[in-house]
Amino acid sequence: MDKFLITGGTQVKGEVVISGAKNAALPLLAAMILAETPVTLHNVPTLKDVNTLVKLIAGTGITIEKNGDTVTCDTSTINSYYAPYELVKTMRASILVLGPLLARFGQAEVSLPGGCAIGSRPVDQHLKALEAMGATITVENGYVKAKAPLDKDGNRGRLKGCHFTFDMVTVGGTENTIMAAALAEGTTHLENCAREPEVVDLANMLVKMGAKIEGIGTAYMTIEGVDKLNGCEYSVVPDRIETGSYLALAMMTGGEVTAKKTEASLMQSVLKKFEEMGAQVTVGSDWINVKMAGRPKAVDIRTLPHPAFPTDMQAQLMTVCCIAEGTSTIIENIFENRYMHVPELQRMGANIKVDGHTAVVQGVDKLNAAPVIATDLRASMSLVMAAVAAQGETCIERIYHIDRGYEYVEDKLRGLGVTIERVKGE
Ligand code: UD1
């Protein structure tokens, strides 16, 4: 397994070009399954998770190719509606093919994703919403087997519009359901929908494909099903988490970073926290500049669904709190086990106490290098940030996590002045 060696003590300075959002690219790739004519998707990041989904879709016989940051897809060659455990187990978002396969072809067999490091992460809401649309769903031998209702001639028919309220705000659940509803017969009313920018991006692409969706970006969406969806050309929204991560590095090191090809409107709650911590934030139409003079101030953070503070930025901001002046309180409300970076940060000298969902961080003057292990995707970025600010050379193991979600991470960090080396493992 590859490792990073990072020499700390750098004050980062420079520009970083932000990639397309992983969390938008994945549902957009799944949505390609719905189109009867070819789809072209631009600004798709080169990431392990994207490769996994491309492989999974190709496994159904669909012709799908990634060239640079463009993916083209032609569904006319499909011959299977099956997503195997071997691929699904490496990435939970694979479940996003369930809704599109079922809605378009009346059947799907997708491995049930297991738990994952940050929590149990069930998919009950995805399944309940599809059942509300008339699907018959069974779980056999670890696979979700879903079938659309029969039509009057006894052939596999279409899903039916329904009224469904999500028990909790779920990003993937909302995405799977709106993709399925886009091709259902009749109108679907969805309450308590996720409002994340990536859900909006998916809804916008579906509209470009011919879907009829109202209430995009709100908790109440109405989808009038259409008979078919066509291909289109679409570009993935910028990655707000990648943007926030590089900008947070400026706060961590008393430096200055300009993130380009991104949008401040996607991440107001995060930028507000940056300002509360004493950063100077300047925004343009497609860039954000963050400048930090001196030590950041402590801050209180509570993760909640969008537009509140995102759980995917919790680990990175906690790392800034580690060297902030004063005591910060962090409450993680989305996932039950998302403090796995804490013991690693403690090894680097951080003063953090965790009690259930709450972490209290007493800022220290400096962090020190130590051997650490990346435990999940965003946690791995938090360790990179800690290493860049720490005194000495830090070795971070299991960086395959970071490769799942940060495109060209070493190049981008080097562009900001970071001394980083990837040591190839077996
Ligand atoms: C997505 C993001 C992930 C982010 C998360 C929350 C992608 C590919 N991943 O994950 O980076 O951290 O949103 O913003 O977009 N839940 C249930 N039942 C369900 C579905 C969810 O109980 O059927 C729970 C989950 O366990 C979790 C909460 O709801 O506690 C939110 O999960 P959800 O929004 O669905 O996250 P994902 O879509 O998996």
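The rules behind the values
- Residues numbered from 1 in each chain as written.
- Predicted model: local features only at pLDDT ≥ 70, side-chain atom pairs only at ≥ 80, totals over all residues.
- Heavy atoms only, no water.
- Pairing = 2+ DSSP bridges.
- Helix = DSSP H or I, 4+ residues; strand = E, 2+ residues; numbered from the N terminus.
- Contact = heavy atoms within 4.5 Å.
- Axes fitted to C-alpha atoms, helices over the stretch in contact; angles between N-to-C directions.
- Near = heavy atom within 4 Å.
- Polar contact = N/O pair within 3.5 Å; in protein donor to acceptor, adjacent residues only side chain to side chain.
- Areas by Shrake-Rupley, 256 points an atom, 1.4 Å probe, with all protein chains shown as cover.
- Nonpolar A, V, L, I, M, F, W, Y, C, P; charged D, E, K, R; others polar.
- Parallel < 35°, antiparallel > 145°, perpendicular 65-115°, else oblique.
- Left-handed = near helix turned anticlockwise from the far one by under 90°.
- Salt bridge = Lys/Arg side-chain N within 4 Å of Asp/Glu carboxyl O.
- Buried < 20%, exposed > 50% of the residue type's maximum accessible area, 1.4 Å probe, protein only.

A.B. asks: Explain the sheet that holds strand 23 (residues 393-397) to me, please; I cannot follow it from the model alone.
C.D. replies: Two strands in a sheet stick together by hydrogen bonds in their backbones, pointing the same way (parallel) or opposite ways (antiparallel). Spatially, the 4 strands line up as an open sheet ordered 22-23-1-24, and their pairing is mixed. The sheet is open, and its two edges are formed by strand 22 (372-373) and strand 24 (419-423), each paired on a single side. Where strand 1 (residues 3-7) lies against strand 24, 5 bridges are found, and the strand directions are antiparallel. Note on strand 24: the bridge partner recorded for Ile-6 is Ile-420. Of the strands in this sheet, strand 1, strand 22 and strand 23 are in contact with helix 12 (residues 377-389), which crosses strand 1 at around 30 degrees.

A.B. asks: Looking at this structure, how should I read the site of the ligand?
C.D. replies: Taken together, 18 residues sit near the ligand, with Asp-124, Thr-170, Val-171, Asp-312 and Ile-334 positioned nearest. Contact between the ligand and Val-171: an oxygen atom at 2.7 Å from a main-chain N or O atom of the residue. Interatomic distance of 2.6 Å between a backbone N/O atom of Ile-334 and an oxygen atom of the ligand. In the complex, 84% of the free accessible area of the ligand, which totals 740 Å², lies under the protein chains. Taken together, the elements giving at least two residues each to the shell around the ligand come down to helix 5 (124-132) and helix 6 (171-182). Looking at the shell around the ligand element by element, the count peaks at 3 residues for helix 5. Considered class by class, the residues forming the shell around the ligand number 8 nonpolar, 6 polar and 4 charged.

A.B. asks: What exactly am I supposed to notice about the environment of Gly-405 here?
C.D. replies: Position of Gly-405 relative to the elements: it lies in the loop between helix 13 (400-403) and helix 14 (409-415). Each residue touching Gly-405, except ones within four places of it in the same chain, is listed here: Lys-22, Leu-47, Asp-239, Leu-377 and Arg-378.

A.B. asks: In this structure, what is going on with the packing of helix 10 (residues 314-322) against helix 12? I would like to understand it.
C.D. replies: Two quantities define a packed helix pair, namely the angle between the helix axes and the distance between the axes. Where helix 10 meets helix 12, the closest approach of the two axes is 7 Å, and the angle between their N-to-C directions is 25 degrees. Taken together, the axes of helix 10 and helix 12 are roughly parallel relative to one another. Handedness of the crossing formed by helix 10 with helix 12: right-handed. Contacts between helix 10 and helix 12 pair Ala-315, Gln-316, Thr-319 and Val-320 from the former with Arg-378, Ala-379, Met-381, Ser-382, Met-385 and Ala-386 from the latter. Its residues assigned to classes, the contact of helix 10 with helix 12 shows 6 nonpolar, 3 polar and 1 charged.

A.B. asks: How should the pattern of salt bridges be read in this particular structure?
C.D. replies: Side-chain pairs of opposite charge can arise where the charged atoms are in close proximity. Summed over all chains, the structure comprises 18 salt bridges. For Arg-404, the salt bridge identified is with Asp-49, shortest N-O distance 2.9 Å. Highlighted residues: Arg-404 in the loop between helix 13 and helix 14 and Asp-49 in helix 2 (residues 48-58), separated in sequence by 355 residues. For Asp-49, a relative accessible area of 2% corresponds to the buried category.

A.B. asks: Just to check I follow, could you spell out the sheet that holds strand 7 (residues 107-111) for this structure?
C.D. replies: Strands sit in the order 6-7-9-8 across an open sheet of 4 strands; the sheet is mixed. Every other strand in the sheet has two partners, leaving strand 6 (82-83) and strand 8 (136-140) as the edge strands with one partner each. Alignment of strand 6 against strand 7, held across 2 bridges, turns out to be parallel. Residue pairing in the sheet places Ala-83 in a bridge with Val-110 of strand 7. The sheet contacts of helix 4 (residues 98-105) involve strand 7 and strand 9 (143-147), and relative to strand 7 the element is tilted by about 160 degrees.

A.B. asks: What should I look at first to understand unusual backbone geometry in this one?
C.D. replies: In terms of backbone geometry, most residues other than glycine have negative phi values and most peptide bonds are trans. In this model, His-306 is joined to Pro-307 through a cis peptide bond whose omega is 15 degrees. Counting through the fold element by element, Pro-307 comes out in the loop between strand 18 (300-302) and helix 10. Even without being a glycine, Asn-43 presents a positive backbone phi close to 60 degrees. You can see Asn-43 is positioned in the loop between strand 3 (39-42) and helix 2. Of note in the backbone geometry, Asn-141 takes a positive phi value of approximately 50 degrees without being a glycine. Here Asn-141 shows up in the loop between strand 8 and strand 9.

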